[in-house]
Amino acid sequence: MDPVVIPILVAAIVVVFLVASSVRIVPQARRYNIERFGRYRRTLQPGLNLVLPVADRVNTKLDVREQVYSSQPKPVITEDNLVVNIDTVLYYQITDPRAAAYEVADYLQAIDQLTVTTLRNVIGSMDLEETLTSREEINTRLRTVLDDATGKWGIRVNRVEIKAIDPPNTIKEAMEKQMRAERDKRAAILHAEGERQAKILTAEGTKQKDILEAQGTQQAMILRADGEAKAVERVFQAVHRNNADPKILAYKYLETLPHLASSDNNTFWVIPGELTEAVRAVTSAFGDHSTVGLPETTPPAETATAAADDTPVEGGAELAADPPLSLNAAAAADEVAKQAAAAVSDAKAEAEAARSPQVPGRGQKG
């Protein structure tokens, strides 16, 4: 081999090595810190960058995108001396690569420890119930403290969230019992309210039903009374329009008497005191005798009174339904009707006998 070629090849290899060592390609969203002879020189931006071979070297490579860091559960004591384990999630972003590399040795560990101490300060002023219900307040206070502390490290804390708060098992059981008792209380209250509302609605319905039934009964009684009044009025008008004879009215009065005892539930029957007057009126209708009275037979009122074992009569005679007697209420009514009919027949016979001329010598032998 030619002795000239060897130095040329060595020189070419050295040039290639120097060129390759002086070129640095930085990906997007990455930052490279360059040190020259062990001293920070500059931060390389994304793209093609040139450095001095051998003199410059890359110290740290940092990712400037927003990142998520989830810490392990840390025990924290509340104001009421209960130990709870709190797990947090941290969202941060590197804003100054030089400060993140040279101002703090391990920024993740520093942020983790700062989060724990801040949590203990914040939770230590709250009891358990307030801790469980004040997550938003705890997140805000954590973010404020971490943002102030990490600003000089070239890190911006965008958001801090509490992922879990785990109280002791005994506290969990007590809380579950309390929640169960609260739910049972609510269920009992709702059940009682439902029963109360149901009773109120039932009472309102019953009241409305009674009112409607009373109104219906009232309307029915009014209509019935109006009908009876119109019927009586028509009868009254018919009687006065036809100029009915009082004797006919008395006769109709006698015809109505048997119907007074037609019911099976009647235990006694009262004969009105106007019966004698009615019989006299009917009797006088067939004769001119102004003083014609009842036949010599026992008057119906006296018969009914005698059959009732001398029952006192007020305004008329009363026939009591006594089982040992031979007549009950219906039989008494029929007997009175028969006696009234017999009285009318006798009155008619006497009237005919009075009007017909007597035949001389009738019944004597010639």
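The following refers to the structure shown.

1. Here we look at the nonpolar core
Line of reasoning, step 1. One finds Ile86, Leu90, Leu119, Ile138 and Ile155 to be the most contacted residues of the largest nonpolar core, which totals 28 residues.
Line of reasoning, step 2. When contributions to this core are tallied by element, the ones reaching two or more residues are strand E8 (83-94), helix H3 (107-123), helix H5 (135-150) and strand E9 (155-166).
Line of reasoning, step 3. Top element by residues in this core is H3. It accounts for 7 residues.
Line of reasoning, step 4. Setting aside chain neighbours within four positions, we find Ile155 in contact with Tyr92, Gln93, Ile94, Thr95, Tyr107, Ile111 and Thr150.

2. A look at the packing of aromatic side chains
Line of reasoning, step 1. Applying the stated criterion to the full structure yields 2 aromatic pairs.
Line of reasoning, step 2. Seen from their ring centres, Tyr92 and Tyr107 are 6.0 Å apart, and the 65° between their planes marks the pair as edge-to-face. Taken as a pair, Tyr92 in strand E8 and Tyr107 in helix H3 lie far apart in primary sequence, 15 residues in all.
Line of reasoning, step 3. Overall, the relative accessible area of 15% leaves Tyr107 in the buried class.

3. Focus on the pairing of strand E7 (residues 74-77)
Line of reasoning, step 1. The alternating pattern of E7 places Lys74 and Val76 on a buried face, while none of Pro75 and Ile77, on the opposite face, is buried.
Line of reasoning, step 2. With 4 bridges joining them, E7 and E8 adopt antiparallel strand pairing. Counted as the bridge partner of Ile77 is Val83 from E8.
Line of reasoning, step 3. Count of turn residues in the E7/E8 antiparallel hairpin: 5 residues, of which Asn81 carries a positive phi of about 60°.

4. Description of H3
Line of reasoning, step 1. Helix length check: H3, at 17 residues, gives a terminal C-alpha distance of 24 Å against a target of 24 Å (1.5 Å per residue), a fit within 8%.
Line of reasoning, step 2. Along H3, the residues that are buried comprise Tyr107, Ala110, Ile111, Asp112, Leu114, Thr115, Val116, Thr118, Leu119, Val122 and Ile123.

5. Details of the sheet that holds strand E2 (residues 30-36)
Line of reasoning, step 1. In spatial order, the strands read E3-E2-E5; together these 3 strands make up an open sheet with antiparallel pairing. Edge strands, defined here as strands with exactly one partner in the open sheet, are strand E3 (39-44) and strand E5 (56-63). If you compare each strand with its neighbour and ignore which way they point, the axes differ by 25° on average.
Line of reasoning, step 2. Here E2 pairs with E3 via 5 bridges, running antiparallel. Note on E3: the bridge partner recorded for Glu35 is Tyr40.

Analysis parameters
By convention here, each chain's residues receive numbers from 1 onward along its written sequence. Two thresholds apply to this predicted model, a pLDDT of at least 70 for residue-level local features and 80 or more for giving and counting side-chain atom pairs, whereas whole-chain, interface and lining totals are computed over all residues. As a convention, hydrogens and water are excluded, and side-chain values are obtained from all of the structure's heavy atoms. Put simply, a nonpolar core is a bunch of buried Ala, Val, Leu, Ile, Met, Phe, Trp, Tyr and Cys residues held in one set by side-chain atoms that sit within 4.5 Å of each other. Each residue is placed in one exposure class: buried if its accessible area under a 1.4 Å probe, protein chains only, is under 20% of its type's maximum, exposed if it is over 50%, and partly exposed if it falls in between. Numbering of helices and strands runs from the N terminus, with a helix taken as a DSSP run of H or I at least four residues long and a strand as a DSSP run of E at least two residues long. Contacts are assigned to residue pairs with any non-hydrogen atoms lying within 4.5 Å of each other. In this analysis, rings of Phe, Tyr and Trp, with Trp reduced to its six-membered ring, are considered paired at centre separations within 6.5 Å, and the interplanar angle assigns stacked below 30 degrees, edge-to-face beyond 60, and tilted for intermediate values. At least two bridges found by DSSP between two strands is the condition for calling them paired. To estimate the expected span of a helix, count its residues, drop one, and scale the result by 1.5 Å. In this analysis an axis means a line fitted to C-alpha atoms, helices contributing only their contacting stretch, and an angle means the value between N-to-C directions, from 0 to 180 degrees.

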